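Residues per chain, in single letters:
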Amino acid sequence: MSAAVKSTSGLNVPYMGKCCFCFSLKFGSLAIAACSVLFWIFVLFDILTVNRYNTKNAVESGVARLLIDMVLATLMFIGAQKRMSLLILLWVLVEFVLILVNVVLALVVGIMQLSHVMLLGAAIIGTFYTLALIVVFNFYREVRDGQ
């Protein structure tokens, strides 16, 4: 079900009726929030155990991002369960900014260090989060429109 819906700003916004072609948008949104927290727990574990990142600044930023993501995931869970569109939209907006910053930083570091792995990681994470944002945004529209 891929169609474009005109928004009031004149932009075409992709529409999805299901997550991964078979799950509800609510389930997809909850799974995305849970996977996001698990991803940042993995990143924090990597920062704490691998010597290449063993700086105080890297650990603090990893812990801060994990805490932010846990708060956002909690807001998403509450918003999805109680169908509160404001909490879902808050998740979409904050995650969009955080993802944009993370992908741009990964691209900059990857280009400066000529690291193909960093560039590939930024592309994969950017693609995953773009799809995640589309799913959650469509769930927000579903809740907002009262469907």
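What counts, and where the lines are drawn
- Residues numbered from 1 in each chain as written.
- Predicted model: local features only at pLDDT ≥ 70, side-chain atom pairs only at ≥ 80, totals over all residues.
- Heavy atoms only, no water.
- Axes fitted to C-alpha atoms, helices over the stretch in contact; angles between N-to-C directions.
- Helix = DSSP H or I, 4+ residues; strand = E, 2+ residues; numbered from the N terminus.
- Parallel < 35°, antiparallel > 145°, perpendicular 65-115°, else oblique.
- Left-handed = near helix turned anticlockwise from the far one by under 90°.
- Nonpolar A, V, L, I, M, F, W, Y, C, P; charged D, E, K, R; others polar.
- Phe/Tyr/Trp six-rings, centres within 6.5 Å; stacked < 30°, edge-to-face > 60°.
- Buried < 20%, exposed > 50% of the residue type's maximum accessible area, 1.4 Å probe, protein only.
- Core = buried A, V, L, I, M, F, W, Y, C linked by side-chain atoms within 4.5 Å.
- Contact = heavy atoms within 4.5 Å.
- pLDDT = per-residue confidence, 0-100.
- Polar contact = N/O pair within 3.5 Å; in protein donor to acceptor, adjacent residues only side chain to side chain.

1. With respect to the packing of helix α3 (residues 85-112) against helix α4 (residues 116-144)
Working step 1: In contact at an axis separation of 9 Å, α3 and α4 are set at 170° when each is read in the N-to-C sense. One element, α3, and the other, α4, form an angle in the roughly antiparallel class. As for how α3 packs across α4, the hand of that crossing is left-handed.
Working step 2: Residues that form the contact of α3 with α4 fall into these classes: 21 nonpolar, 3 polar and 2 charged.

2. Focus: the packing of aromatic side chains
Working step 1: Within this structure, the stated rule accounts for 3 aromatic pairs.
Working step 2: When the ring of Phe23 is compared with that of Phe27, the centres are 5.1 Å apart and the planes differ by 40°; the resulting orientation is tilted.
Working step 3: Overall, Phe23 belongs to the partly exposed group, its relative accessible area being 38%.
Working step 4: When its relative accessible area of 47% is taken as the criterion, Phe27 is described as partly exposed.
Working step 5: Look at Phe137 and Tyr140: their rings are 5.7 Å apart centre to centre, the planes differ by 35°, and that puts the pair in the tilted class. One end of the pair is Phe137 and the other is Tyr140, both in helix α4 and 3 residues apart, which spans about a single turn.
Working step 6: You can call Tyr140 buried: its relative accessible area is 11%.

3. Re the nonpolar core
Working step 1: Among the nonpolar cores identified, the biggest contains 30 residues, and Ile32, Met76, Ile88, Trp91, Val136 and Phe139 are the most heavily contacted of them.
Working step 2: Of all the elements in the fold, those that place two or more residues in this core are α1 (25-49), α2 (56-82), α3 and α4.
Working step 3: With 9 residues, α1 is the largest single contributor of residues to this core.

4. Observations concerning the packing of α1 against α4
Working step 1: Packing of α1 against α4 leaves a shortest axis separation of 9 Å and a crossing angle of 140°. Seen along the crossing, α1 lies across α4 with a hand that is left-handed. Only Ile125, Tyr129, Ala132, Val135, Val136, Asn138, Phe139 and Glu142 of α4 make contact with α1, whose side of the interface consists of Leu25, Lys26, Gly28, Ser29, Ile32, Ser36, Phe39 and Trp40.
Working step 2: Tallied by class, residues from the contact of α1 with α4 come to 10 nonpolar, 4 polar and 2 charged.

5. Here's the deal with the confidence of the model for the protein chain
Working step 1: Taken residue by residue, the protein chain gives an average pLDDT of 81. The fraction at 70 or more is 87%.
Working step 2: Element-level mean pLDDT values for the protein chain span from 49 in strand β1 (residues 3-6) up to 87 in α4.

6. Looking at the side chain of Asp69
Working step 1: The residue Asp69 is located in helix α2 in this model.
Working step 2: On the basis of relative accessible area, Asp69 is assigned to the buried category, the value being 0%.
Working step 3: At a separation of 2.6 Å, a polar atom in the side chain of Asp69 contacts the side chain of Ser36.
Working step 4: Setting aside chain neighbours within four positions, we find Asp69 in contact with Ser36, Val37, Trp40 and Glu95.

7. As for the environment of Ala122
Working step 1: Position of Ala122 among the secondary structure elements: in helix α4.
Working step 2: Since its relative accessible area comes to 5%, Ala122 is described here as buried.
Working step 3: A C-alpha to C-alpha distance of 8.8 Å links Ala122 and Leu105, two positions 17 residues apart in sequence.
Working step 4: Excluding residues within four positions of it along the chain, Ala122 makes contact with Val103, Ala106 and Leu107.

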